[in-house]
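# Notes for the structure review
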Amino acid sequence: MAGQTLSEIRGLLAAAGLRPQHRFGQNFLIDLNLMRKLVAAAEIVPGDVVLEVGAGTGSLTELLLRSGARVVAAEIDRGLSAMLAERLAGAPNITLYTGDALAGKHSIEPQLLAMLSEHAPGPGGARKLVANLPYQIATPLLMELLHVRPPLERMVCTIQREVGERLLAPPRSDAYGPVSVVMSVLARVELLAQLPPEAFWPRPKIDSVMMRIRPLPPGFAGPNDAADFARFVQRAFQHRRKMLRRGLRDAYEGDVETLLASAGVSPESRPEELAAQEWRTLYRLARSSVR
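My aim in this report is to walk through the structure given alongside it, one point at a time. All figures in this text were calculated on a predicted structure; none of them were measured in a lab.

The rules behind these values
Residues numbered from 1 in each chain as written. Predicted model: local features only at pLDDT ≥ 70, side-chain atom pairs only at ≥ 80, totals over all residues. Heavy atoms only, no water. Salt bridge = Lys/Arg side-chain N within 4 Å of Asp/Glu carboxyl O. Helix = DSSP H or I, 4+ residues; strand = E, 2+ residues; numbered from the N terminus. Buried < 20%, exposed > 50% of the residue type's maximum accessible area, 1.4 Å probe, protein only. 1 Å grid on protein atoms, 1.4 Å probe; cavity = no way out; pocket = protein on both sides within 12 Å on 5 of 7 lines; lining within 4 Å. Points joined across faces, edges and corners; volume = space filled by probe spheres on them. Nonpolar A, V, L, I, M, F, W, Y, C, P; charged D, E, K, R; others polar. Lys, Arg positive; Asp, Glu negative; His and termini not counted. Polar contact = N/O pair within 3.5 Å; in protein donor to acceptor, adjacent residues only side chain to side chain.

### Topic: the pattern of salt bridges
- In this structure the tally under the stated criterion is 15 salt bridges.
- For the salt bridge of arginine 154 with glutamate 43, the shortest nitrogen-to-oxygen distance reads 3.0 Å. Separated by 111 residues along the polypeptide, arginine 154 in strand β8 (residues 154-160) and glutamate 43 in the loop between α2 (32-41) and β2 (49-53) bring together distant segments of the chain.
- Overall, the relative accessible area of 47% leaves glutamate 43 in the partly exposed class.
- Close ionic contact of glutamate 190 with arginine 214 constitutes a salt bridge, the shortest N to O distance being 3.4 Å.

### Digging into unusual backbone geometry
- A cis amide bond, omega 5°, links arginine 149 with the succeeding residue proline 150.
- With respect to the element layout, proline 150 can be found in the loop between α6 (138-145) and β8.
- In this chain, tryptophan 201 is followed by proline 202 through a cis amide linkage whose omega measures -10°.
- One can find proline 202 in the loop between β10 (200-201) and β11 (208-215).
- Unlike most non-glycine residues, glutamate 43 shows phi in positive territory, near 50°.
- Unusually for a residue other than glycine, arginine 172 sits at a positive phi of about 70°.
- Looking at where arginine 172 falls in the secondary structure, it is placed in the loop between α7 (161-168) and α8 (178-186).

### Let's talk about empty space enclosed by the protein
- The full count for this structure, using the stated rule, is 1 cavity of 30 Å³ or more.
- For the largest cavity, the calculated volume is near 50 Å³.
- Lining the largest cavity, in full, are His106, Met143, Glu144, His147, Ala227, Ala230, Arg231 and Gln234.
- Mapped onto the lining of the largest cavity, the elements with two or more residues apiece are α6 and α9 (225-236).
- For the lining of the largest cavity, the per-class residue count stands at 3 nonpolar, 3 polar and 2 charged.

### As for the side chain of aspartate 77
- Of note, aspartate 77 is situated in the loop between β3 (70-75) and α4 (78-87).
- Buried within the structure, aspartate 77 lacks any salt-bridge partner; its nearest side chain of opposite charge belongs to arginine 23, at an N-O separation of 6.3 Å.
- In terms of polar contacts, aspartate 77 uses its side chain to reach the side chain of glutamine 26, at 3.0 Å.
- Polar side-chain contacts of aspartate 77 include one of 3.2 Å to the backbone nitrogen of leucine 80.

### Overview of the environment of isoleucine 137
- Among the secondary structure elements, isoleucine 137 is positioned in the loop between β7 (127-132) and α6.
- Overall, isoleucine 137 belongs to the buried group, its relative accessible area being 14%.
- Sequence separation of isoleucine 137 and isoleucine 159 is 22 residues, and the distance between their C-alpha atoms is 9.6 Å.

This is the structure we're talking about:
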């Protein structure tokens, strides 16, 4: 269980009568050095409970199991999930979930969350995400995992480069948007590595990156405010090129001009011009006015 080479992955799929499914975003990580880097960046200890989304043929899963952590592995492809169940049947610290990790664009599948919740971390351990994420679910999944309960201590993953750029984008840049704002307020984000297409099979047509995300204590007044903050920012960004007063009408039911004046923000500003902490101030004032 030291990670699977390309020939081993091909053999496993052929023996099971399977092939990579583009609709599931199946691009298997085949660079074993990068895979080991991914696991090392998570700093896994035996007491950890690790969520893996997109387990595929189990190459990364096997490395995670060797660390001694409890692994909750999600795989949407029923054929691959059945193969994993057979291959890992003897492993005592694996829980397999078959299905989509997302119940919708803005929620994690409750059954998967229940599986993650039922395993408490051991002494010195924490809950973490370690995954080669399917491209099409990376953004909504990471956004939801920022404020999921039980909370994750860190997330280490491979994602498409464009998404990584959004996570780190500064104000006034083309990539800056609601994902950038929410990540800046709710987490610390690090770029760990650039991954070329040949690190995967089948080769994607785009580059990828490896990221480490450390969720922060939200510091909001209510238990649901982190999720509400994300929705507030997303609604206000629906008209990113227009003046902020326009977007805020979709996110705030009160007097927008008064809200902006209280926050010290020009009503002629555009959403892409505000720094993350200005967004946090706007949200705090908006919430306090309706409580």
